[in-house]
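Analysis of the macromolecular model
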Number of protein chains: 2
Amino acid sequence: MLFDQITIIGVGLIGGSVGLAAKTRGVARRVVGVDRDMEKLKRAENLCAIDAGTISIAEGARGADLVVVCTPVDRIAEVLIAAFEHAGPVLYTDAGSVKGGLAAAVEWARPDGAAYVPAHPLAGAEKNGVEHSRADLFQNRITIITPDSSDAHAVQRVAAFWEALGSRVVRMNAAAHDRTLAATSHLPHAVASAVAGVTPVDWLSLSAGGFRDVTRIAAGDPALWAAIFQANREAVLAALGLFANRLTEFQRLLEASDRAGLERWLSEGKQVRDALGT
Amino acid sequence: MLFDQITIIGVGLIGGSVGLAAKTRGVARRVVGVDRDMEKLKRAENLCAIDAGTISIAEGARGADLVVVCTPVDRIAEVLIAAFEHAGPVLYTDAGSVKGGLAAAVEWARPDGAAYVPAHPLAGAEKNGVEHSRADLFQNRITIITPDSSDAHAVQRVAAFWEALGSRVVRMNAAAHDRTLAATSHLPHAVASAVAGVTPVDWLSLSAGGFRDVTRIAAGDPALWAAIFQANREAVLAALGLFANRLTEFQRLLEASDRAGLERWLSEGKQVRDALGT
């Protein structure tokens, strides 16, 4: 047992999966869930993702030696600040997709002896909701941690937590995380949504596997993603600029019927995709 | 047996799969393959996708009652014209991704009594090459035919051929086909390639399933796709214009930090993708 009690605040797909993985793998003796929605907490309890649930952060945080914040990205700061007050000098981590500024924003409220180690498990699904939780959601996935604290022992314990859930932990600074994820996650989401958005529904029956793959993540939760885009605004706009330039290149080559140029342009994309593997 | 001998010209993934499906399903007594590459023909024969192979259209076309052209899209017209000369007054179809102008371009060479019924099976894979052929490649897929001929009997026989390979046949006019496929297939390909093309290879290890899905088709053959884009230039440029406008909308909403607007924009894409199903 790494922890006696972990408290998960925000019990959706990620929070529920953290609970399931923690219980399945013996990472914590007891898992408490906190959510604004009592129904979700009941479903999580039925799934054995949590041992007990409450709508009160004060109540749920009490007795935790690790608090894991799994709310949408725009609520993490306020939830952490509330948790600091009630759980006190223990360990804190989160699962948000954008990391820049978060640690600094809550630093004023952090109690002496408490350590917050920001984290982002690179795992998810098109289907949100606690009912889609899986004990293996983090298995063989990367979790990025962006510690700016000098508390090496706390960083090591939080890293051990995410590893115990099955993931491989990579350390980065928060700004580099946000720039990278803008390119590898946030831009692709916007692009997938734009492809779907310009396709008349009547034409869907004449689409094949390619369209299905390209647009799959467009089914993601609009509210969650609007929050992610806003939180990582600068980096997403920069990635979008690079992407728009790249597509303008394609447009010019096509306008010029530059067959060799089109082939070269496509080969550059293929080279990157081939490096990723299937 | 629908046909005594079918001759497949161009024995790659599609041609090989036509052969495998035709033989597995008893659609033809004999399948002849024609390709410029003798090695590919030998592989196709070993896979039982063809009964015999030749590098000569003259030799391969002889005795066919159906010729199926499965070359890259930019070679279909010249191959059809050569086949017309050697197979004579029989049935012709193809598997090209772009249909506009093709029938008109070869009409002058069509022998009396010959009928060409253009077709496009909506099937494919990132992996080209005859070695990836599958007897079920067309199973439960749509094949679009774009007949402009008034020879109803020929149209019906070619439709029966593609149905016998396992697909569902849909009739459209060629221009509507090209406009639709520009949106459902060609634009997504360019976009997938552009996303991959702007991603530094070093960052790939920090990508997850979303990036993998969005960029999957970017691994396609650049030469094949350059030919498709060039052949469907006008419709692809139009689709690209709509897409660019849609993405500019996203950019403006993000610049303005318009959270409700972003959520609405994402919801519109989600609505289309949800209509497609998983």
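For clarity, every value in this text was computed on a predicted model and none was experimentally measured.

**Thoughts on the overall build of chain A**
- Summing up its helical and strand segments, chain A has 11 helices and 9 strands in all.
- Across its three principal axes, chain A shows a C-alpha extent of roughly 65 × 40 × 30 Å.
- Counting the 278 residues in chain A, one finds 57% classified as buried.
- Restricting to contacts in chain A with at least 6 residues of sequence separation, those with at least 24 account for 73%.

**Quick word on the domain arrangement of chain A**
Residues and elements named next belong to chain A.
- Split by domain assignment, chain A resolves into domain 1 (3–172) and domain 2 (176–276).
- On a C-alpha basis, the centres of domain 1 and domain 2 stand 31 Å from each other.
- Contact with domain 1, which involves 13 residues of that partner, is made by 15 residues of domain 2.
- Classifying every residue of the side of domain 1 that touches domain 2 by side-chain character gives 5 nonpolar, 5 polar and 3 charged.

**Side note on the relation of the copies chain B and chain A**
- By a simple turn and slide, chain B fits onto chain A: the slide is 0.0 Å along the axis, the RMSD is 0.0 Å, and the turn is 180°. One copy is carried onto the other by what is essentially a two-fold rotation axis. For chain B, the smallest separation between a C-alpha atom and the rotation axis is recorded for Val 214 of chain B, amounting to 2.0 Å.
- Both copies share a contact surface, since 100% of the interface residues of chain B are interface residues in chain A too.

**What about the environment of Val 32 of chain A?**
Residues and elements named next belong to chain A.
- Examined against the element boundaries, Val 32 turns out to sit in strand S2 (residues 28–34).
- For Val 32 and Glu 59, which are 27 residues apart along the polypeptide, the C-alpha to C-alpha distance reads 9.7 Å.
- Excluding its chain neighbours within four sequence positions, the residues that come into contact with Val 32 are Gln 5, Thr 7, Ile 50, Asp 51, Ala 52, Gly 60 and Ala 64.

**As for helix H6 (residues 152–164) of chain A**
All names here are of chain A.
- The first and last C-alpha atoms of H6 sit 18 Å apart over 13 residues, in line with the 18 Å expected at 1.5 Å per residue.
- Taken residue by residue, H6 has Ala 154, Val 158, Ala 159, Phe 161 and Trp 162 as its buried positions. Viewed along the axis of H6, the buried residues span an arc of 155°, placing them on a single side of the element. Across H6 from its buried face, at more than 90 degrees, point the exposed residues Ala 152 and His 153.
- At its buried positions, H6 is contacted by strand S4 (66–69), strand S5 (91–94), strand S6 (115–117), strand S7 (119–121), strand S8 (142–145) and strand S9 (168–171).
- Phi turns positive one or two residues past the end of H6, at Gly 166, with a value near 115°.

**A closer look at the interface of chain B and chain A**
- Of the residues lining the interface, 71 residues belong to chain B; the matching set on chain A comes to 71 residues.
- Contributions of two or more residues to the side of chain B that touches chain A are made by strand S8 (142–145), helix H7 (174–197), helix H8 (209–215), helix H9 (222–231), helix H10 (233–255) and helix H11 (259–276) of chain B.
- Taken together, the residues of the side of chain B that touches chain A break down into 43 nonpolar, 16 polar and 12 charged.

**Structural notes on the sheet that holds strand S3 (residues 52–54) of chain B**
Residues and elements named next belong to chain B.
- Read across the sheet, 6 strands follow the order S3-S2-S1-S4-S5-S6 without closing on themselves; strand pairing throughout is parallel. Here the strands that pair on one side only, and so sit at the sheet edges, are S3 and strand S6 (115–117). Within this sheet the neighbouring strands show an average axis-to-axis angle of 20°, counted without direction.
- With 3 bridges connecting them, strand S2 (residues 28–34) and S3 associate as parallel partners. Directly across from Val 32, in S3, lies its bridge partner Ala 52.

**What about the sheet that holds S8 of chain A?**
Residues and elements named next belong to chain A.
- Strand order in the open sheet made by the 3 strands is S7-S8-S9, with mixed pairing throughout. Each having just a single partner strand, S7 and S9 make up the two edges of the open sheet. Strand-to-strand twist in this sheet, taken as the mean axis angle between neighbours without regard to direction, amounts to 25°.
- Here S8 runs beside S9; their pairing, made up of 4 bridges, is parallel. Among the inter-strand pairings, Ile 144 is bridged to a residue of S9, identified as Val 170.

**Topic: the pairing of strand S4 (residues 66–69) of chain B**
Residues and elements named next belong to chain B.
- Neither face of S4 is exposed, since Leu 66 and Val 68 on one face and Val 67 and Val 69 on the opposite face are all buried.
- In terms of strand pairing, S4 meets strand S5 (residues 91–94) through 4 bridges, oriented parallel. Of the residues in S5, the one forming a bridge with Leu 66 is Leu 91.
- In this fold, the crossover linking S4 to S5 by way of helix H4 (residues 76–87) has right-handed handedness.

**Structural notes on helix H7 (residues 174–197) of chain A**
- At Ala 182 of chain A, H7 of chain A shows its largest bend, some 50°.
- Within H7 of chain A, 22 of the 24 residues are buried, leaving the element largely enclosed by the surrounding structure.

**Side note on the nonpolar core**
- Grouped together as the largest cluster of nonpolar side chains are 202 residues, with contacts concentrated most on Val 67 and Ala 83 of chain A together with Val 67 and Ala 83 of chain B.
- Those residues in contact with Ala 83 of chain A that sit more than four places away from it in its chain are Ile 9, Ile 57, Ala 61, Val 67, Val 69 and Tyr 92 of chain A.

Parameters and conventions
Residues numbered from 1 in each chain as written. Chains lettered and ligands numbered in written order. Predicted model: local features only at pLDDT ≥ 70, side-chain atom pairs only at ≥ 80, totals over all residues. Helix = DSSP H or I, 4+ residues; strand = E, 2+ residues; numbered from the N terminus. Buried ≥ 20, exposed ≤ 12 C-beta atoms within 10 Å, placed from the backbone. Contact = placed C-beta atoms within 7 Å. Domains from an automatic or database assignment. Nonpolar A, V, L, I, M, F, W, Y, C, P; charged D, E, K, R; others polar. Least-squares fit on C-alpha atoms with pLDDT ≥ 70 in both. Expected span 1.5 Å × (residues − 1). Arc of directions from axis to C-beta. Pairing = 2+ DSSP bridges. Axes fitted to C-alpha atoms, helices over the stretch in contact; angles between N-to-C directions. Right-handed = clockwise from strand over helix to strand, strands pointing away. Bend = angle between axes of the 7 residues up to and from the residue. Core = buried A, V, L, I, M, F, W, Y, C linked by C-beta atoms within 7 Å.

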